[in-house]
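Coordinates in review
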Amino acid sequence: MVDAKIHAANHARWEAAVPRWDAAADSRGLWRRCPKEPDLVLCPAERDHLGDLSGKRVCVLGSGDNQVVFALAGLGAAVTSVDIAQGQLDVAARRAEELRLDIAFLRADVTDLGAFADAHFDHVYTGGHVAVWVSDIRRYYAEAARILRPGGLLVVNEYHPFRRIWRAQGDGLAVATPYGERGPFAYHRDADILRPSPGPLVSYEFHWTIADMINAVLHAGCQLVAVEEYGEHVGDWEGAPMHGLPELFLIIAVKA
Ligand SMILES: C[S@@+](CC[C@H](N)C(=O)[O-])C[C@H]1O[C@@H](n2cnc3c(N)ncnc32)[C@H](O)[C@@H]1O
């Protein structure tokens, strides 16, 4: 079940996080490049399976910095960008205008996409640390599949769940939360999501497992096309040495 109070708290924290998220994206500078260099943000399996996107209707759920949205638009797709935080969408709309990209923006919770008719999109893309904020992963992926046409692809590219369980201990790792504990884990923090300090905003995180994600996709009426675990990047925000662990978990599924 979707927990509305939890989603409201997470929404408030994301709205508060926008200025710093915006500044971090500016310092990376990728958003300017990815319309012409989509491989900066889309992996080879995503490019191969999505194929020719000219004129295809694609929805990106939990679009955040919108780098994937801009890459898909650069490949010719008609993209709709959905996020719970209006501030994220406002920043992205300003950048899209600067890049002369024609993108539709909608503020919505990924567990309630009632603004879209069934089977409206050719493909739905989601991920990059979105599931961790969502209290009902089955409802989330069921909504993603509902707005997807039969034969269309659901692409889920998430931070690898196995990376979420660790804390640093000496030079190595110790288990901070057992893999099977989904949460919600509540944190009282400031608005900085990358390098948080204690603060007045409460946020809630969910540690969905690989099985939870795959089962939610299957439960939504999709069939697996490919799964991949890849990437080695260790972020300085991670707080524990993740070397040797996969960074990302990719699911590509087709709506039956
Ligand atoms: C870490 S970002 C992921 C997107 C992108 N990879 C990025 O790094 O900016 C998480 C995004 O998910 C959005 N989000 C969190 N909970 C959401 C929900 N229930 N519905 C829609 N968007 C949500 C946040 O507002 C934020 O923009």
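Being a predicted model, the structure only gives us computed values, none of them experimental.

About the thresholds
Residues numbered from 1 in each chain as written. Predicted model: local features only at pLDDT ≥ 70, side-chain atom pairs only at ≥ 80, totals over all residues. Heavy atoms only, no water. Helix = DSSP H or I, 4+ residues; strand = E, 2+ residues; numbered from the N terminus. Rg over C-alpha atoms; globule rule 2.2 N^0.38 Å. Buried < 20%, exposed > 50% of the residue type's maximum accessible area, 1.4 Å probe, protein only. Contact = heavy atoms within 4.5 Å. Near = heavy atom within 4 Å. Polar contact = N/O pair within 3.5 Å; in protein donor to acceptor, adjacent residues only side chain to side chain. Areas by Shrake-Rupley, 256 points an atom, 1.4 Å probe, with all protein chains shown as cover. Nonpolar A, V, L, I, M, F, W, Y, C, P; charged D, E, K, R; others polar.

1. Things to note about the overall build of the chain
Of regular secondary structure, the chain possesses seven helices and eleven strands. Here the C-alpha radius of gyration of the chain, 17 Å, is about what a compact globule of 256 residues would show, namely 18 Å. Principal-axis analysis of the C-alpha atoms gives the chain an extent of 50 × 40 × 35 Å. A buried classification covers 52% of the 256 residues belonging to the chain. Restricting to contacts in the chain with at least 6 residues of sequence separation, those with at least 24 account for 70%.

2. Some remarks on the site of the ligand
Taken together, 19 residues form the shell around the ligand, and within it W21, D65, D83, Q88 and G128 come nearest. Contact distances for the ligand include 2.9 Å between an oxygen atom and a side-chain N or O atom of Q88. Considered on its own, the ligand offers 580 Å² of accessible surface; in the complex 92% of this is hidden by protein. Tallying contributions element by element places helix α1 (residues 4-28) first for the shell around the ligand, with three residues. Residues belonging to the shell around the ligand are distributed by class as follows: eight nonpolar, eight polar and three charged.

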